[in-house]
Amino acid sequence: MPLDLGVSALLADEVDRFRTGLDALSDGGARMARATAARRRYDDPAPRQITIPAWDDVIHVVPQPQITPAMREAHYSAIRAGVPSPLSTDLQDNIAARGRRARLMNNAASPEYAKAYGQVMTAIDNVQDLLTTVVTVGRLALIPAIRGLEALAGISEPLFALTGKVGAKALSRAIPILGWVLLGADLLKLLQTFGMMAFPAYAFLCGGARHALAAGVPAVVMGRALKLRAGGLARLNPFGRRARVSRSRTVRGWKPSIYNLMEVFQTTDALFGVGVSFGGLVGLIQDSAFGVEQRIRGQDVRVSTDRVADSFHRLYSGRLAREGTAALHDLRTSAGVLATAPILDQVQEIFTV
């Protein structure tokens, strides 16, 4: 891992995501739609679907292994050659899981231009979360240290007083830097707001009035979320008086808000694979809106709960694997007793359908 804890790699990935999304939006997602249609014909997939995300799609407690392009190429080359993969079983399972998620995205009810638009907005949001995290961590480190040094400066001992005074003054010079970083985060938040407001208009150009109405649902939901995170509509303007006062108060206090903590956990998820990711929930809102629009037009759209079922399997499979044969036999016998108990008690008729 690089000395910057993966920040440079994260920024490079988000720049690539942003450029890829813009490139797809340049023709209204037409090329992306053709590529997806080709994959759908090749894989013979299910109809368009709305996928309910599982709990571990949102909350990540176990770091995901890093799969490099070279590792992926070696894996698929071995499969094509009919020989065992050189990767470990865990890495093979992770590649297979990523492939299943990619197929779910291909079959999602949202049109391709909406997916590309989501890529652009996600890249902006991730960078904004990173900047807010820098400010939050900086406040947690600097403000208590400055207050401690200021208290030290009040001691009558000259050496301690001088150390506290000089140290507090030196650390205080970093506070304006946090203010500039927070200004950058506010600018990105304003860009997100404009982007969500423009989404229905872009959907109208790509798909007409029905698509514009469908795009309005995630635009309204995400727009309200952005307004709540900013602390009100007036504070969305980063150059307004309320926004400037809010930034000044924020960088001089150490206590983070619930929204700051959410952004920190989103950043740790992007950097280390542990934290929270709301992409599945945002995708659910968008897919639901466009799925309803497609159902109105008579297209086949299904709701998939496979991810939820798989999450419970992953949650309990390890526990069942640790159970011995005798314990599993006892559990099965107990289930049989419970099933036949109504017959023994001669009340079977109330259980008969």
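Residues numbered from 1 in each chain as written. Predicted model: local features only at pLDDT ≥ 70, side-chain atom pairs only at ≥ 80, totals over all residues. Heavy atoms only, no water.

Further remarks concern the overall build of the chain. Within the chain, the regular secondary structure consists of 14 helices and four strands. Buried residues in the chain amount to 34% of all 353 residues. Put simply, of all contacts in the chain between residues at least 6 apart along the chain, 77% involve residues at least 24 apart. Accessible surface, the chain: about 21,300 Å² in total, of which carbon and sulfur atoms supply 65%. (Helix = DSSP H or I, 4+ residues; strand = E, 2+ residues; numbered from the N terminus. Buried < 20%, exposed > 50% of the residue type's maximum accessible area, 1.4 Å probe, protein only. Contact = heavy atoms within 4.5 Å. Areas by Shrake-Rupley, 256 points an atom, 1.4 Å probe, with all protein chains shown as cover.)

A few words on the environment of Arg307. Along the polypeptide, Arg307 turns up in helix α13 (residues 306-322). For the pair formed by Arg307 and Ala54, sequence separation is 253 residues and the distance between their alpha carbons is 5.4 Å.

With that out of the way, let us pick up the pattern of salt bridges. Per the stated rule, a full pass over the model turns up six salt bridges. Here Asp300 ties to Arg302 by a salt bridge, and the two come within 3.4 Å at their closest N and O atoms. (Salt bridge = Lys/Arg side-chain N within 4 Å of Asp/Glu carboxyl O.)

A separate point is the nonpolar core. Counting 19 residues, the largest nonpolar core has Leu25, Tyr113, Tyr117, Phe199 and Phe290 as the members making the most contacts within it. Among the secondary structure elements, those contributing two or more residues to this core are α1 (7-25), α6 (112-153), α8 (175-207), α9 (209-230) and α12 (279-296). It is α6 that contributes the most residues to this core, seven residues altogether. Each residue touching Phe199, except ones within four places of it in the same chain, is listed here: Tyr113, Ala114, Tyr117, Ala215, Pro218, Gln286 and Phe290. (Core = buried A, V, L, I, M, F, W, Y, C linked by side-chain atoms within 4.5 Å.)

Axis separation between helix α4 (residues 69-81) and helix α5 (residues 89-106) bottoms out at 11 Å; the angle between their running directions is 95 degrees. Overall, the two elements α4 and α5 adopt an arrangement that is roughly perpendicular. Of the residues in α5, those in contact with Met71, Arg72, His75 and Tyr76 of α4 are Leu91, Gln92, Ile95 and Arg98. In the contact of α4 with α5, the residues fall into four nonpolar, two polar and two charged. (Axes fitted to C-alpha atoms, helices over the stretch in contact; angles between N-to-C directions. Parallel < 35°, antiparallel > 145°, perpendicular 65-115°, else oblique. Nonpolar A, V, L, I, M, F, W, Y, C, P; charged D, E, K, R; others polar.)

Before going further, it helps to spend a moment on the packing of aromatic side chains. Think of a pair of aromatic rings as described by two things: how far the centres are apart, and how the planes are tilted against each other in angle. Taken as a whole, this structure holds four aromatic pairs when the rule is applied. Pairing Tyr113 with Tyr202 gives two aromatic rings, centres 5.9 Å apart and planes at 65 degrees, and the pair type is edge-to-face. Of this pair, Tyr113 sits in helix α6 while Tyr202 sits in helix α8; the two residues are 89 residues apart in sequence, bridging distant segments of the chain. A centroid spacing of 5.8 Å and a plane angle of 40 degrees characterise the contact between Tyr117 and Tyr202, whose relative ring orientation is tilted. Linking Tyr117 in helix α6 with Tyr202 in helix α8, this pair joins segments that are 85 residues apart in sequence. Of the two residues examined, Tyr117 and Tyr202, each falls in the buried class. Three or more aromatic residues joined by ring pairs form one cluster here, namely Tyr113, Tyr117, Phe199, Tyr202 and Phe290. (Phe/Tyr/Trp six-rings, centres within 6.5 Å; stacked < 30°, edge-to-face > 60°.)

Each full turn of the α-helix corresponds to 3.6 residues, which orients residues three or four apart in the same direction. For helix α7 (residues 158-172), built from 15 residues, the straight-helix expectation of 21 Å at 1.5 Å per residue is met to within 8% by its first-to-last C-alpha distance of 21 Å. Those residues of α7 not exposed but buried are Ala161, Gly164, Gly167 and Ala168. Buried residues in α7, looked at end-on, bunch into an arc of 140 degrees, giving them a common side. The outward face of α7, more than 90 degrees from its buried face, is lined by the exposed residues Pro158, Leu159, Leu162 and Lys169. (Expected span 1.5 Å × (residues − 1). Arc of directions from axis to C-beta.)

Tracing the backbone shows Arg98 in helix α5. For Arg98, a relative accessible area of 29% gives the class partly exposed. Here Asn94 takes part through its side chain, which lies 2.7 Å from a polar atom of the side chain of Arg98. (Polar contact = N/O pair within 3.5 Å; in protein donor to acceptor, adjacent residues only side chain to side chain.)

Another aspect to go through is the side chain of Thr51. Counting through the fold element by element, Thr51 comes out in strand β1 (residues 48-51). For Thr51, a relative accessible area of 17% gives the class buried.

Quick look at a nonpolar patch on the surface now. Judged by side-chain polarity, Trp55, Ile59, Val61 and Val62 come together as a nonpolar surface patch covering roughly 380 Å² of accessible area. Residue position: Ile59 is located in strand β2 (residues 59-60). (Patch = residues over 30% accessible without salt bridge, like charges linked within 9 Å, V, L, I, M, F, W, Y side chains within 5 Å.)

Our next topic: the confidence of the model for the chain. Mean pLDDT over the chain: 80, with 78% of residues reaching 70 or higher. Of all helices and strands in the chain, the one with the weakest mean pLDDT is helix α2 (residues 30-43) (61), whereas strand β3 (residues 275-276) scores best (92). (pLDDT = per-residue confidence, 0-100.)

Running from N to C, α6 and helix α11 (residues 258-272) point in directions that differ by 115 degrees, and their axes come no closer than 8 Å. With respect to α11, the element α6 is oriented roughly perpendicular. Crossing handedness for the pair α6 and α11: left-handed. For the pair formed by α6 and α11, the contact residues are Asp125, Gln128, Asp129, Leu130, Thr132, Thr133, Thr136 and Arg139 on the first element and Asn260, Glu263, Val264, Gln266 and Thr267 on the second. Looking at side-chain class alone, the contact of α6 with α11 contains two nonpolar, seven polar and four charged residues. (Left-handed = near helix turned anticlockwise from the far one by under 90°.)

A few words on α1. In this model, α1 (19 residues) spans 27 Å end to end at C-alpha, consistent with the 27 Å of a helix rising 1.5 Å per residue. Those residues of α1 that sit buried are Leu10, Glu14, Gly21, Ala24 and Leu25. Axial view of α1: buried residues confined to an arc of 100 degrees, hence all on one face.

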